[in-house]
Amino acid sequence: LKAYGLSTVMILPPSFQELCRRMQKRFANDKMADNTEEMQTRLSLATRLLEQTKNAVDIYVVNDAIEDIASTTGALLESLHLK
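Definitions and limits used
Residues numbered from 1 in each chain as written. Predicted model: local features only at pLDDT ≥ 70, side-chain atom pairs only at ≥ 80, totals over all residues. Heavy atoms only, no water. Axes fitted to C-alpha atoms, helices over the stretch in contact; angles between N-to-C directions. Helix = DSSP H or I, 4+ residues; strand = E, 2+ residues; numbered from the N terminus. Left-handed = near helix turned anticlockwise from the far one by under 90°. Contact = heavy atoms within 4.5 Å. Core = buried A, V, L, I, M, F, W, Y, C linked by side-chain atoms within 4.5 Å. Buried < 20%, exposed > 50% of the residue type's maximum accessible area, 1.4 Å probe, protein only. Pairing = 2+ DSSP bridges. Salt bridge = Lys/Arg side-chain N within 4 Å of Asp/Glu carboxyl O.

**Things to note about the packing of helix H1 (residues 16–29) against helix H2 (residues 36–53)**
Two packed helices can be described by the angle between their axes and the distance between those axes.
Thought 1: Packing of H1 against H2 leaves a shortest axis separation of 11 Å and a crossing angle of 150 degrees. Taken as a pair, H1 and H2 cross one another with a handedness that is right-handed. Where H1 abuts H2, its residues Phe-16, Leu-19, Cys-20, Met-23, Gln-24 and Phe-27 lie against Glu-38, Met-39, Arg-42, Leu-43, Ala-46 and Thr-47.

In structure tokens form, the structure reads like this:
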């Protein structure tokens, strides 16, 4: 991607514990009886993805509050567009 002048951005949760909490909340709202295996699969995938991309991503943005992520992402996109 860099050869084409493109930047990569990854949006991350504040912590692994927060990712687990958010997933538990989402799965609790789901009508399916037991989502434990699905949640473990997704957490494992997220961990692998982060490990595989840690040297390939240009910018990391932490998704801690919706207001902050919206303004941060907007400013980031604007600054990348101006380059």
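**Topic: the nonpolar core**
For soluble globular proteins, nonpolar side chains are generally found buried alongside one another.
Thought 1: Counting six residues, the largest nonpolar core consists of Leu-19, Cys-20, Met-23, Phe-27, Met-39 and Leu-43.
Thought 2: Of all the secondary structure elements, the ones that give two or more residues to this core are H1 and H2.
Thought 3: By residue number, the principal contributor to this core is H1, which donates four residues.
Thought 4: Every residue in contact with Met-39, bar those within four places of it in the chain, is listed here: Cys-20, Met-23, Gln-24 and Phe-27.

**Details of the pairing of strand E1 (residues 9–12)**
Thought 1: Here E1 shows one buried face, formed by Met-10 and Leu-12, and one open face, formed by Val-9 and Ile-11.
Thought 2: Pairing analysis gives four bridges linking E1 to strand E2 (residues 59–62), with the strands arranged parallel. From the neighbouring strand, Met-10 faces E2, where its bridge partner is Tyr-60.

**Some words on the pattern of salt bridges**
Thought 1: Evaluation of the coordinates by the stated rule reveals four salt bridges.
Thought 2: In this structure, Arg-21 engages Glu-18 in a salt bridge whose closest nitrogen and oxygen atoms are separated by 2.7 Å. One end of the pair, Arg-21, and the other, Glu-18, are both in helix H1, three residues apart, so they sit about a helical turn from each other.
Thought 3: Taking the relative accessible area as the measure of exposure, Glu-18 reaches 18% and is therefore buried.

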